Amino acid sequence: MDSAVTFGRLAEEIAREAGEMLLAKRPARPEVLVTKSSPTDVVTALDRASEELIRDRIKAVRPDDAILGEEGGTTGDGRVRWIVDPIDGTVNFLYGVPEWAVSIAVEVDGEVIAGVVNVVPRAEVFTAVRGRGAWLAGERLSCNTGVPLERALIATGFGYGSGRRAVQAEVLRHVLPRVRDIRRGGSAASDLCAVAAGRLDGYYERGPQEWDYAAGGLIAAEAGARVGGLEGRPANPGLTLCAAPGLFEELHDLLLGLAPERDA
Ligand code: LIP
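Residues numbered from 1 in each chain as written. Predicted model: local features only at pLDDT ≥ 70, side-chain atom pairs only at ≥ 80, totals over all residues. Heavy atoms only, no water.

Engineer: How should I be thinking about the domain arrangement of the protein chain in this particular structure?
Structural biologist: Frequently, the measure chosen for interface size is the accessible area that the parts lose on association. Here the protein chain is described as being made up of domain 1 (3-140) and domain 2 (149-256). Put simply, the middle of domain 1 and the middle of domain 2, counted by C-alpha atoms, are 20 Å apart. Both sides of the domain 1 and domain 2 interface together cover about 2,200 Å² of buried area, and 60% of this is carbon and sulfur. If you look at where domain 1 meets domain 2, you find two salt bridges. The salt bridge involving Arg 81 is made with Glu 210; its shortest N-O contact spans 2.6 Å. Of all the secondary-structure elements, those providing two or more residues to the side of domain 1 that touches domain 2 are β3 (66-69), β5 (80-88), α3 (90-95), β6 (101-108), β7 (111-119), β8 (124-129) and β9 (134-136). Examining the composition of the side of domain 1 that touches domain 2, we find that seven residues originate from one element, β7, more than from any other. Residues of the side of domain 1 that touches domain 2, tallied by class, amount to 18 nonpolar, eleven polar and eleven charged. (Domains from an automatic or database assignment. Buried area = accessible area lost by both parts, 1.4 Å probe. Salt bridge = Lys/Arg side-chain N within 4 Å of Asp/Glu carboxyl O. Helix = DSSP H or I, 4+ residues; strand = E, 2+ residues; numbered from the N terminus. Nonpolar A, V, L, I, M, F, W, Y, C, P; charged D, E, K, R; others polar.)

Okay, here's the thing in structure tokens:
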């Protein structure tokens, strides 16, 4: 069997197990364990427990692989690298907003070849293997096409620092009058899957990290969307955007003129 498919299956199995653990153990009101970049950038005990479970499962079968996890950083240095967000949408998780996900991508020699995003509260497991499409519940996904910017439903997200947010608000002030509407779901991984499923037309955000967009980015790309950064760069923490070809360029050009990669 194609090794990308094998990696995809393993990633899916692990993301499902982490999701089950999180659902079983999530207290009515999870507590914040520590904060990171700002007082609103939180980590709960279950972020850590989820990452530990995922790391243990990967290491049990792939002991030599590298793992990048949101909470634990990078371990190992193999040509295969697992990119893990144990809970994407931690603030939603904290408040009981049903929009958070376990995200796992597998990268080989620098290319993401398989990705899974388990949007746990909705029991939706999005998967993709490079070259084999994006899937949800046995249905192949395809993003919306032919949507002009003024009719596009666009998701975005905000960072945790106030200086960054001030610029994000300023950029949004110029984007909002130009599009159908804006959504702020609170999980970049889930937003990218929503583009794949045609529930959104596009997504852009300054500041998402690899663990936020690696799996969802492959899922959106396999559903026909373009995923990238500004001026031909790949998706990156400076800016990541995603939409069907055509809308991608319109959104790109609008954003480029707004210098969204600056912070106050
Ligand atoms: C979050 C993202 C969200 C983004 C936040 C943050 P976390 O990830 O998925 O969409 O706007 O800035 O990065 O912190 O919940 O894993």
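Engineer: Explain the packing of helix α5 (residues 188-196) against helix α6 (residues 210-222) to me, please; I cannot follow it from the model alone.
Structural biologist: What describes two packed helices is the angle between their axes and the distance between those same axes. The interhelical angle for the contact between α5 and α6, taken along N-to-C directions, is 5°, at an axis separation of 8 Å. As the angle between them shows, α5 and α6 are arranged roughly parallel. Residues Ala 188, Ala 189, Leu 192, Cys 193 and Ala 196 of α5 form the contact with α6, whose own contacting residues are Asp 212, Tyr 213, Gly 216, Gly 217, Ile 219 and Ala 220. (Axes fitted to C-alpha atoms, helices over the stretch in contact; angles between N-to-C directions. Parallel < 35°, antiparallel > 145°, perpendicular 65-115°, else oblique. Contact = heavy atoms within 4.5 Å.)

Engineer: Would you explain a nonpolar patch on the surface in this entry?
Structural biologist: On the surface, Val 91, Tyr 95, Val 97 and Tyr 160 cluster together into a nonpolar patch covering about 370 Å² of accessible area. On the secondary structure map, Tyr 160 appears in the loop between β11 (153-156) and α4 (162-175). (Patch = residues over 30% accessible without salt bridge, like charges linked within 9 Å, V, L, I, M, F, W, Y side chains within 5 Å. Areas by Shrake-Rupley, 256 points an atom, 1.4 Å probe, with all protein chains shown as cover.)

Engineer: Is there a simple way to explain the nonpolar core in this structure?
Structural biologist: Leu 22, Ile 54, Trp 82, Val 102, Ile 104 and Val 106 are the most contacted members of the largest nonpolar core, which totals 31 residues. Counting only elements with at least two residues in this core, the list comes to α1 (3-25), α2 (45-61), β5, β6, β7 and β8. Ranked by residue count, the leading element in this core is α1, at ten residues. Excluding residues that lie within four positions of it along the chain, Val 102 makes contacts with Ala 15, Ala 18, Gly 19, Leu 22, Ile 54, Asp 85, Pro 86, Val 116, Val 117, Asn 118 and Val 120. (Core = buried A, V, L, I, M, F, W, Y, C linked by side-chain atoms within 4.5 Å. Buried < 20%, exposed > 50% of the residue type's maximum accessible area, 1.4 Å probe, protein only.)

Engineer: Would you explain the sheet that holds β11 in this entry?
Structural biologist: Through backbone hydrogen bonds, the strands of a sheet pair up, either in parallel or in antiparallel fashion. One open sheet accounts for five strands, arranged β12-β11-β13-β15-β14; its pairing is mixed. Edge strands, defined here as strands with exactly one partner in the open sheet, are β12 (181-183) and β14 (226-228). Sheet twist, expressed as the mean angle between neighbouring strand axes with direction ignored, is 20°. In this structure, β11 lies alongside strand β13 (residues 202-205), joined through three bridges in parallel fashion. The residue of β13 that forms the bridge with Ala 155 is Tyr 203. Seen against the sheet, α4 touches β11, β12 and β13 and runs at an angle of roughly 150° to β13. The sheet contacts of helix α7 (residues 247-256) involve β11, β13, β14 and β15 (240-243), and relative to β15 the element is tilted by about 150°. (Pairing = 2+ DSSP bridges.)

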